[in-house]
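Here are the chains, one letter per residue:
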Amino acid sequence: MSSALTDLFPHPIVQAPMAGGVSVPRLAAAVSDAGGLGFLAAGYKTADGMYQEIKQLRGLTGCPFGVNLFMPQPEYADPAAVEVYAHQLAGEATWYDTELGDRDSGRDDGYDAKLAVLLDNPVPVASFHFGVPSSDALESLRRAGTFTLVTATTPEEALAVQYAGADAVIAQGVEAGGHQGTHRDLPEQDNSGLGLLSLVAQIRETVTIPVVAAGGIMRGGQIAAVLAAGASAAQLGTAFLATHESGAHDVHKQALTNPLYVRTELTRAFSGRPARGLVNRFLREHGPYAPAAYPEVHHLTAPLRKAAAKAGDAQGMALWAGQGHRMARELPAGQLVEILAAELKAARTALSDKGGLR
């Protein structure tokens with residue numbers, strides 16, 4: 001198996017790119033400086049906004065880092081269903097004294113412009129969510145010296161990633177916080193996702209490219225488990241959400257370990273695509289009725305989420321979190337990488353020592 005990815009950073013620890021202002025340059029720099037792989041999230045940003053963050057990150061660290069892009073989405077939403085959901089959200093707009101967003105604000109997330117920036121100003125690593133880039137795009141990035149990863153949630157999707165020519169696949173288990181990176185959004189497959197260890201094992205037997213495991217990982221022992229299952233590295237999102245350098249709202253950080261939030265759920269309530277978050281009032285009231293309509297629903301609810309965050313109202317925010325959220329540690333990101341690396345070493349020592357297997 002190629003070591004081109006893991007040769008870039010000493011510890012097999014990747015900080016997940018969390019869109020919406022969480023994966024800021026200072027977080028990515030702290031992770032990379034500590035020996036992991038820090039990531040910027042270009043989702044929901046303009047191409048210039050992404051470029052400016054890359055410049056800022058390069059000023060903070062000389063270590064390798066990654067940038068994540070969202071793939072453009074096909075038009076399959078039912079306009080009537082979106083209209084019905086907009087009517088349902090009218091009360092939320094009144095409550096937060098704002099207006100619903102423009103559902104037709106665009107569906108490609110500026111993909112072409114962002115890809116052009118990455119080709120003109122190559123970064124060490126680029127990853128993709130919600131689909132697979134063209135073979136030409138992946139080959140162009142490779143020629144530019146960029147290592148490419150693409151998210152997959154099934155062995156079939158992983159095979160498509162390999163066929164397209166990506167350097168590695170991110171196996172995202174159903175435990176993961178935030179959006180599931182399914183290549184096609186099929187409502188009939190809601191809540192049918194695979195758990196991470198099962199997914200890694202199946203993908204490992206399906207493709208020959210390296211696998212990065214993502215979903216619910218919060219401790220070094222879990223990293224050891226996915227490495228033993230065949231992954232080359234582990235990607236952690238929620239674990240870094242609560243760190244000092246994270247750009248997440250303080251209310252969001254505090255909610256991760258607040259006893260009020262006892263579980264997570266996959267929901268379409270905030271974006272129209274399945275995403276795992278802490279169960280709050282908004283999710284309970286609107287999740288059962290949200291249509292499969294991304295990014296239309298994302299655009300609709302954006303002002304509501306912004307107003308709720310401004311008011312410090314966790315019950316109206318999208319509190320993305322993985323299933324391991326109660327294990328979050330409020331630490332500097334660099335220190336968290338060091339602790340995870342130490343836990344990983346201890347777990348590997350225990351596994352190699354017969355006395356540690358009881």
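Scroll up for the structure.
Just so it is clear, the structure is predicted and the values come from calculations on it, not from any experiment.

Rules of the game
- Residues numbered from 1 in each chain as written.
- Predicted model: local features only at pLDDT ≥ 70, side-chain atom pairs only at ≥ 80, totals over all residues.
- Heavy atoms only, no water.
- Pairing = 2+ DSSP bridges.
- Helix = DSSP H or I, 4+ residues; strand = E, 2+ residues; numbered from the N terminus.
- Phe/Tyr/Trp six-rings, centres within 6.5 Å; stacked < 30°, edge-to-face > 60°.
- Buried < 20%, exposed > 50% of the residue type's maximum accessible area, 1.4 Å probe, protein only.
- Polar contact = N/O pair within 3.5 Å; in protein donor to acceptor, adjacent residues only side chain to side chain.
- Contact = heavy atoms within 4.5 Å.
- Axes fitted to C-alpha atoms, helices over the stretch in contact; angles between N-to-C directions.
- Parallel < 35°, antiparallel > 145°, perpendicular 65-115°, else oblique.
- Nonpolar A, V, L, I, M, F, W, Y, C, P; charged D, E, K, R; others polar.
- Core = buried A, V, L, I, M, F, W, Y, C linked by side-chain atoms within 4.5 Å.
- Expected span 1.5 Å × (residues − 1).
- Bend = angle between axes of the 7 residues up to and from the residue.

Trainee: Account for the sheet that holds strand β11 (residues 275–278), with residues named and values stated.
Mentor: Two modes of strand pairing occur in sheets, parallel and antiparallel, and in both the strands are linked by backbone hydrogen bonds. Pairing is antiparallel across the open sheet formed by three strands, whose spatial order is β7-β11-β10. The open sheet is flanked by β7 (178–179) and β10 (264–267), the only strands paired with a single partner. Summarising the sheet, β7 and β11 pair through two bridges and their orientation is antiparallel. From the neighbouring strand, His179 faces β11, where its bridge partner is Ala275.

Trainee: Can you lay out the packing of aromatic side chains for me, pointing to particular residues and giving the numbers?
Mentor: Aromatic rings in a pair are described by how distant their centres are and how their planes are angled relative to each other. Enumeration over the complete set of coordinates arrives at six aromatic pairs. Ring centres of Tyr44 and Phe70 lie 5.3 Å apart, and the angle between their planes is 80°; on these two criteria the pair is classed as edge-to-face. Residue Tyr44 is found in the loop between β2 (38–41) and α2 (47–60), and its partner Phe70 is found in strand β3 (residues 65–70); the two are separated by 26 residues along the sequence. Relative accessible area serves as the criterion here: at 9%, Phe70 is assigned to the buried category. Ring centres of Phe70 and Phe130 lie 4.9 Å apart, and the angle between their planes is 45°; on these two criteria the pair is classed as tilted. Here Phe130 lies in the loop between β4 (125–129) and α6 (135–143) and Phe70 lies in strand β3, a separation of 60 residues in the sequence. Grouping residues by exposure puts Phe70 and Phe130 together as buried. Put simply, the rings of Tyr44, Phe70, Phe130 and Tyr294 touch in pairs and so form one group of aromatic residues.

Trainee: So what about the side chain of Arg268? Which residues, and what values?
Mentor: Structurally, Arg268 can be placed in the loop between β10 and β11. For Arg268, a relative accessible area of 6% translates into the label buried. In terms of polar contacts, Arg268 uses its side chain to reach the side chain of Asp185, at 2.8 Å. At 2.8 Å, the side chain of Arg268 forms a polar contact with the side chain of Asp190. Aside from chain neighbours lying at most four places away, what touches Arg268 is Asp185, Leu186, Pro187, Asp190, Arg273, Pro274, Ala290, Pro291, Ala292 and Val297.

Trainee: Provide a residue-level description of the packing of helix α5 (residues 111–120) against α6, including the pertinent values.
Mentor: In contact at an axis separation of 10 Å, α5 and α6 are set at 25° when each is read in the N-to-C sense. With respect to each other, α5 and α6 are oriented roughly parallel. Contact residues: α5 offers Tyr111, Leu115, Leu118 and Leu119, while α6 offers Ala137, Ser140 and Leu141. Its residues assigned to classes, the contact of α5 with α6 comprises six nonpolar, one polar and no charged.

Trainee: Hey, could you go over the sheet that holds strand β1 (residues 13–15) for me, with residue numbers and the actual values?
Mentor: Within the open sheet, the eight strands sit side by side as β1-β9-β8-β6-β5-β4-β3-β2. Their pairing is parallel. The open sheet has two edge strands, β1 and β2, and neither has a second partner. Strand-to-strand twist in this sheet, taken as the mean axis angle between neighbours without regard to direction, amounts to 25°. Bridge count between strand β6 (residues 168–172) and strand β8 (residues 211–214): four bridges; the pairing is parallel. Note that in β8 the partner of Ala171 across the bridge is Ala213.

Trainee: Lay out the nonpolar core with the relevant residues and their values.
Mentor: With 84 residues, the main nonpolar core has Val67, Leu118, Phe128, Val169, Ile223, Leu236 and Phe240 as its most contacted residues. With six residues, helix α14 (residues 333–352) is the single largest residue contributor to this core. In this structure Leu236 touches Ile13, Val14, Gln15, Ala16, Ile217, Met218, Ile223 and Leu340, once residues within four positions along its chain are discounted.

Trainee: Account for helix α13 (residues 296–310), with residues named and values stated.
Mentor: At 3.6 residues per turn, the α-helix brings residues three or four places apart onto the same side. Helix length check: α13, at 15 residues, gives a terminal C-alpha distance of 22 Å against a target of 21 Å (1.5 Å per residue), a fit within 8%. The sharpest bend along α13 comes to roughly 40°, located at Ala302, with the proline Pro303 sitting one to four residues further on. Summarising burial for α13: eleven of the 15 residues are buried, a large majority. On its buried face, α13 sits against α3 (79–88), α4 (90–95) and α12 (281–286). Once α13 ends, the next one or two residues include Gly312, with phi positive near 70°.

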